[in-house]
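Residues per chain, in single letters:
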Amino acid sequence: MRLSDVVAFMGHQVHVCRYREAGRLLRWMGGDLKGKRVLDVAGGDGYWAGQARRRGAEAVSIDLARSKMLYGQTLAHPPALIECDALALPFNDGSFDAILSVCAIEHFDDGGKSLDEMARVLKPGGEIYMSADVLSRADSWPKLRDAHKAKYHVQHTYTHESLGELLGDRGLDLVEYSYQFRTAATERLYLSLSAYGGKVGFNAAAPLTPLVALADRRAPNEQGSIVLVRARKR
């Protein structure tokens, strides 16, 4: 295995958030993606689109961070990496069978416009698998909330209801959803890691993943730090 793949694995998979988050979205997408065209919106180095490629998909990842995409080209299973704006996708209507987007929409100035573009390039019957910051209880810890939003340029937050409404307006029906970091304790953990630990903190906290998952299973699927949604185009 290449050193770049080891580093990417550690960065994306050994992670208290992304391992469960992106893993759930990919499970929803399915294990056999042969013959499917998959687009990852704001996919950074394309790691998760590369996991779709490993399952047989013709995978494309778009982003504006050129340095991340240059790094992604060194991975063993890179998708096609295209530098472009998520609010103006350079693809024809109905070009993709599935769209992946991992905690990206909250960073866009115009989340609705990004969904316009995702819906446009998705085939009828195709599905969107996406996640977003919710921060359900963030107002309880305003300093942590503000530090998180400033550090990660969070412009908006979403719930499954608000995303479902936005998607519905664009011809997509919500199929299922799931919240992560559902309890007050785990949500405070999420914000604390963001405020004080940043990316390294999320990676260092990976051993806590089973405990967070256990807490989520015991809590109602109603609120949390991150929401995952699956929606199908009519």
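Scroll up for the structure.
Here the structure is a predicted model, which is why all the values come from computation and not from measurement.

### Topic: the side chain of His148
- Its location among the elements puts His148 in helix H6 (residues 142-151).
- A distance of 2.6 Å separates the side chain of His148 from the side chain of Ser194, its partner in a polar contact.

### Focus on the pattern of salt bridges
- Under the criterion given, the structure shown has 15 salt bridges.
- Between Arg18 and Glu21 there is a salt bridge, with its nearest N and O atoms 2.6 Å apart. Residue Arg18 and its partner Glu21 are both found in helix H2 (residues 18-29); the two are separated by 3 residues, about one turn of the helix.
- Taking relative accessible area as the criterion, Arg18 reaches 23% and is therefore assigned partly exposed.
- Measuring nitrogen to oxygen at the nearest pair gives 3.0 Å for the salt bridge that ties Asp173 to Arg234. On the criterion of sequence distance, the pair formed by Asp173 in strand E6 (residues 172-180) and Arg234 in the segment after strand E7 (226-233) is long-range, its members being 61 residues apart.
- It is possible to trace a salt-bridge network through shared partners that takes in Glu127, Glu176, Arg230 and Arg232.

### Describing the nonpolar core
- Core analysis: the biggest nonpolar cluster contains 34 residues, and Val16, Met29, Leu100 and Tyr190 have the highest contact counts within it.
- Counting only elements with at least two residues in this core, the list comes to H2, helix H3 (47-54), strand E4 (96-101), helix H8 (184-204) and E7.
- Membership of the second largest hydrophobic core comes to 30 residues, among which are Val60, Val121, Ile128 and Val229.

### Remarks on the packing of aromatic side chains
- Scanning all chains against the criterion turns up 5 aromatic pairs.
- Relative to Tyr179, the ring of Tyr177 lies with its centre 6.0 Å away and its plane at 80°, an arrangement referred to as edge-to-face.
- Seen in terms of ring centroids, Tyr190 and Phe202 are 5.6 Å apart; in terms of plane orientation they differ by 45°. Their pairing is tilted.
- On the accessibility criterion, Tyr190 (4% relative accessible area) is buried.
- Feature note: the residues Phe181, Tyr190 and Phe202 constitute an aromatic cluster, connected by ring pairs.
- Positioned over the ring face of Phe96 is Arg37, at 4.5 Å from the centre of the ring.

### Thoughts on the pairing of strand E5 (residues 122-133)
- Burial of E5 is extensive: 9 of the 12 residues sit out of reach of the surface.
- The pairing of E4 with E5 spans 5 bridges and is classified as parallel. In the sheet register, Ser101 faces E5, and the bridge partner there is Met130.
- For the crossover that starts at E4, traverses helix H5 (residues 111-121) and ends in the parallel E5, the hand is right-handed.
- As paired strands, E5 and E7 are joined by 7 bridges and run antiparallel to one another. For Tyr129, the partnering residue across the bridge sits in E7 and is Arg230.

### Concerning the environment of Gly44
- Considering the arrangement of structural elements, one finds Gly44 in the loop between strand E1 (37-41) and H3.
- With relative accessibility at 9%, the residue Gly44 sits in the buried group.

### Looking at the pairing of E4
- By the criterion of burial, E4 is predominantly enclosed, with 6 of the 6 residues buried.
- When E1 meets E4, the two strands line up parallel, connected through 3 bridges. Residue pairing in the sheet places Asp40 in a bridge with Leu100 of E4.

The rules we used
- Residues numbered from 1 in each chain as written.
- Predicted model: local features only at pLDDT ≥ 70, side-chain atom pairs only at ≥ 80, totals over all residues.
- Heavy atoms only, no water.
- Helix = DSSP H or I, 4+ residues; strand = E, 2+ residues; numbered from the N terminus.
- Polar contact = N/O pair within 3.5 Å; in protein donor to acceptor, adjacent residues only side chain to side chain.
- Salt bridge = Lys/Arg side-chain N within 4 Å of Asp/Glu carboxyl O.
- Buried < 20%, exposed > 50% of the residue type's maximum accessible area, 1.4 Å probe, protein only.
- Core = buried A, V, L, I, M, F, W, Y, C linked by side-chain atoms within 4.5 Å.
- Phe/Tyr/Trp six-rings, centres within 6.5 Å; stacked < 30°, edge-to-face > 60°.
- Lys NZ or Arg CZ within 6 Å of the ring centre and 35° of its normal.
- Pairing = 2+ DSSP bridges.
- Right-handed = clockwise from strand over helix to strand, strands pointing away.

As far as function goes, none of this settles anything; it's purely spatial.
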